[in-house]
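Examination of the molecular architecture
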Amino acid sequence: MIPNVLNTIVGIALVYCAILAPGPLHNTAWLLLGGGIGIIVLALWARIGDKLKWFNLVNVILGAALAFLGIARTLIAVQPLVMFWWVFWVGIIVAVLAFWSALYTHDSSAGSA
């Protein structure tokens, strides 16, 4: 549950940076690379105790997409509009899925009694 809450905070921070403070995201690619790797590590840690594994599998893929954007940003010029939407959607989806995974406590044996 703790890594899911931390991933939720990272996702909210990404959305905040994309909308209200885009300067650091445009100045350096290392924040994107670090954020992507952080999402991957937290999602893999969260998968250990998850009841449904797909929530954090999607977060691992989104973290890899964010890390890819960071790598691409170091090699080529990425348009600001692409940066905005990429970081915005990755942040939203990571935050929602991580929070959903933290709250999901479905017990399949409860209804079969």
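The structure we're discussing is the one just above.
Throughout what follows, the structure given in this document is the object of discussion. Note that the coordinates shown come from a computational prediction; the quantities given were computed from them, not determined experimentally.

Here helix H4 (residues 54–75) is 22 residues long and its end C-alpha atoms lie 32 Å apart, about the 32 Å a rise of 1.5 Å per residue gives. Buried within H4 are the following residues: Phe55, Asn56, Asn59, Val60, Leu62, Gly63, Leu66, Ala67, Leu69, Gly70 and Ala72. Buried residues belonging to H4 abut helix H1 (2–19), helix H3 (30–47) and helix H5 (80–103).

This part covers the layout of surface pockets. When its volume is computed, the largest pocket comes out at roughly 150 Å³. Looking at the lining of the largest pocket, the elements that each hand over two or more residues are H1, H3 and H5. Among the residues forming the lining of the largest pocket, the class breakdown is 6 nonpolar, 4 polar and 2 charged.

With that settled, the discussion passes to the packing of H1 against H5. For the pair H1 and H5, the least separation of the axes is 7 Å and the interaxial angle reads 155°. Considering the angle they form, H1 stands roughly antiparallel to H5. The two elements H1 and H5 cross, and the hand of that crossing is left-handed. Where H1 abuts H5, its residues Asn4, Asn7, Thr8, Gly11, Ile12, Leu14, Val15, Ala18 and Ile19 lie against Phe84, Val87, Phe88, Val90, Gly91, Ile92, Val94, Ala95, Ala98, Phe99, Ser101 and Ala102. A class-by-class count of the residues in the contact of H1 with H5 yields 15 nonpolar, 6 polar and no charged.

With that out of the way, let us pick up H1. Between its terminal C-alpha atoms H1 stretches 26 Å, which fits the 26 Å expected from 18 residues at 1.5 Å a residue. Of all the residues in H1, the buried ones are Pro3, Asn4, Asn7, Thr8, Gly11, Leu14, Val15 and Ala18. Each buried residue of H1 lies within a common arc of 145° when the element is viewed along its axis, so the set occupies one face. The outward face of H1, more than 90 degrees from its buried face, is lined by the exposed residues Ile2, Ile9 and Ile12. Buried positions along H1 lie against helix H2 (23–27), H3, H4 and H5.

So, about the packing of aromatic side chains. The final tally for this structure, using the stated rule, is 9 aromatic pairs. When the centroid spacing of 6.0 Å and the interplanar angle of 55° are considered together, the rings of phenylalanine 55 and tyrosine 104 count as tilted. Separated by 49 residues along the polypeptide, phenylalanine 55 in helix H4 and tyrosine 104 in the segment after H5 bring together distant segments of the chain. Judged by its relative accessible area of 1%, phenylalanine 55 falls in the buried class. Joined through ring pairs, the aromatic side chains of Trp54, Phe55, Trp100 and Tyr104 make up one cluster.

Basis of the calculations
- Residues numbered from 1 in each chain as written.
- Predicted model: local features only at pLDDT ≥ 70, side-chain atom pairs only at ≥ 80, totals over all residues.
- Heavy atoms only, no water.
- Helix = DSSP H or I, 4+ residues; strand = E, 2+ residues; numbered from the N terminus.
- Expected span 1.5 Å × (residues − 1).
- Buried < 20%, exposed > 50% of the residue type's maximum accessible area, 1.4 Å probe, protein only.
- Contact = heavy atoms within 4.5 Å.
- 1 Å grid on protein atoms, 1.4 Å probe; cavity = no way out; pocket = protein on both sides within 12 Å on 5 of 7 lines; lining within 4 Å.
- Points joined across faces, edges and corners; volume = space filled by probe spheres on them.
- Nonpolar A, V, L, I, M, F, W, Y, C, P; charged D, E, K, R; others polar.
- Axes fitted to C-alpha atoms, helices over the stretch in contact; angles between N-to-C directions.
- Parallel < 35°, antiparallel > 145°, perpendicular 65-115°, else oblique.
- Left-handed = near helix turned anticlockwise from the far one by under 90°.
- Arc of directions from axis to C-beta.
- Phe/Tyr/Trp six-rings, centres within 6.5 Å; stacked < 30°, edge-to-face > 60°.

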